[in-house]
Amino acid sequence: MRCRPALLLALVALAMPLAAQRAETDLDISYGARDGQRRIAGMASRLWPLFGGLVYLGGGARVTVYDGDPVAFARVDGDPGGPVGDVRFAPKVLGATLQATAEVELWRGVRAGGNLDLVGYASGGEVSTPAGTARVDGPSLFQNGSADRGSLNSEAYLALRLSPNLALRGGVSHYVVGYEISSIEGTSRYQRFFDVTFLAVRYRF
């Protein structure tokens, strides 16, 4: 049976031990803003190459500061107690999370990628609102959509390598900020999802 060169190369890449392919350690800082909302994040990632370096999978830790102008937060559907309507206030949250990252090498020096916060903790000061006192929802956990708890960040991006150690990333950040609002009616969870464009500088060790 004849074996095409491309297929042979693919089989060789799959047969290479993962340990023989060098993992990457990346540190970066990013800034995103849109419609008066801002977020700045610092991230550390460890990525392992697969399929001969065509795909990179891994994760790490991220710290994100979320803030912005007053904006309407909606009560989480089905959450009992507390005020029912939207509540408007200015968010200010610090979140620390563990994140997962995946990237694909499109061509040499250019990658498409995405990352997602999975679990962590958020903190911040209290905010007085017409409906009651808003406090940051501390425990953060990805559960998809309105089921998410706390404050979580995610990104979809393109990365351009400028040198062996330096790269730029740019794309869209989709994140959620979560609060609890207490009033004489009780306590309810409130959240708001945001989409902002961002730019990041990455340093690779």
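Okay, so let's go over this structure. (Residues numbered from 1 in each chain as written. Predicted model: local features only at pLDDT ≥ 70, side-chain atom pairs only at ≥ 80, totals over all residues. Heavy atoms only, no water.)

Under the definition given, this model contains six aromatic pairs. When the ring of tyrosine 175 is compared with that of phenylalanine 194, the centres are 5.1 Å apart and the planes differ by 25°; the resulting orientation is stacked. Here tyrosine 175, found in strand β12 (residues 166-183), pairs with phenylalanine 194, found in strand β13 (residues 186-204); they are 19 residues apart in sequence, far enough to count as distant. An aromatic cluster of three or more residues is present, and its members are Tyr66, Tyr175 and Phe194. A cation over a ring is seen here: arginine 111 above tyrosine 56, with NZ or CZ 3.7 Å from the ring centre. A cation over an aromatic ring shows up here: arginine 169 above the ring of tyrosine 157, its NZ or CZ 4.4 Å from the ring centre. (Phe/Tyr/Trp six-rings, centres within 6.5 Å; stacked < 30°, edge-to-face > 60°. Helix = DSSP H or I, 4+ residues; strand = E, 2+ residues; numbered from the N terminus. Lys NZ or Arg CZ within 6 Å of the ring centre and 35° of its normal.)

So, about the environment of glycine 58. Within the secondary structure, glycine 58 sits in strand β3 (residues 55-68). Residues glycine 58 and threonine 101 lie 43 residues apart in sequence; the distance between their C-alpha atoms is 5.3 Å. Among all residues touching glycine 58, those that are not within four sequence positions of it are Arg46, Leu47, Trp48, Gln99, Ala100 and Thr101. (Contact = heavy atoms within 4.5 Å.)

Here strand β2 (residues 37-50) shows a buried face lined by Gln37, Arg39, Ala41, Met43, Ser45, Leu47 and Pro49 and an unburied face lined by Arg38, Ile40, Gly42, Ala44, Arg46, Trp48 and Leu50. Here strand β1 (residues 24-34) runs beside β2; their pairing, made up of 11 bridges, is antiparallel. Within the sheet, the bridge partner assigned to serine 30 lies in β2 and is alanine 41. Where β1 hands over to β2, the hairpin turn is made up of two residues, of which aspartate 35 adopts a positive phi near 50°. Looking at chain direction, β2 and β3 are connected through 14 bridges and run antiparallel. Following the sheet pairing, tryptophan 48 is matched in β3 by leucine 57. Hairpin geometry of β2 and β3 is characterised by an intervening segment of four residues between the two adjacent antiparallel strands and by a positive phi of about 55° at phenylalanine 51. (Buried < 20%, exposed > 50% of the residue type's maximum accessible area, 1.4 Å probe, protein only. Pairing = 2+ DSSP bridges.)

Before going further, it helps to examine the pairing of strand β11 (residues 152-161). Sheet topology places strand β7 (residues 110-123) next to β11; seven bridges connect them, and they run antiparallel. Within β11, the residue paired with alanine 112 across the bridge is leucine 158. Strand direction decides the pairing type here: β11 and β12, joined by 10 bridges, are antiparallel. Note that in β12 the partner of asparagine 153 across the bridge is tyrosine 175. Between β11 and β12, which follow one another and run antiparallel, lie four residues.

This brings us to the pattern of salt bridges. Oppositely charged side chains can form a pair if their charged atoms are brought close together. Within the structure shown, the criterion is met by 18 salt bridges. Between arginine 202 and glutamate 103 there is a salt bridge, and its shortest N-O distance comes to 2.6 Å. Taken together, the residues arginine 202 in strand β13 and glutamate 103 in strand β6 (residues 92-107) connect sequence positions 99 residues apart. The burial state of arginine 202 is the same as that of glutamate 103; both residues are buried. Glutamate 126 is paired through a salt bridge with arginine 135; the nearest N and O atoms lie 2.9 Å apart. (Salt bridge = Lys/Arg side-chain N within 4 Å of Asp/Glu carboxyl O.)

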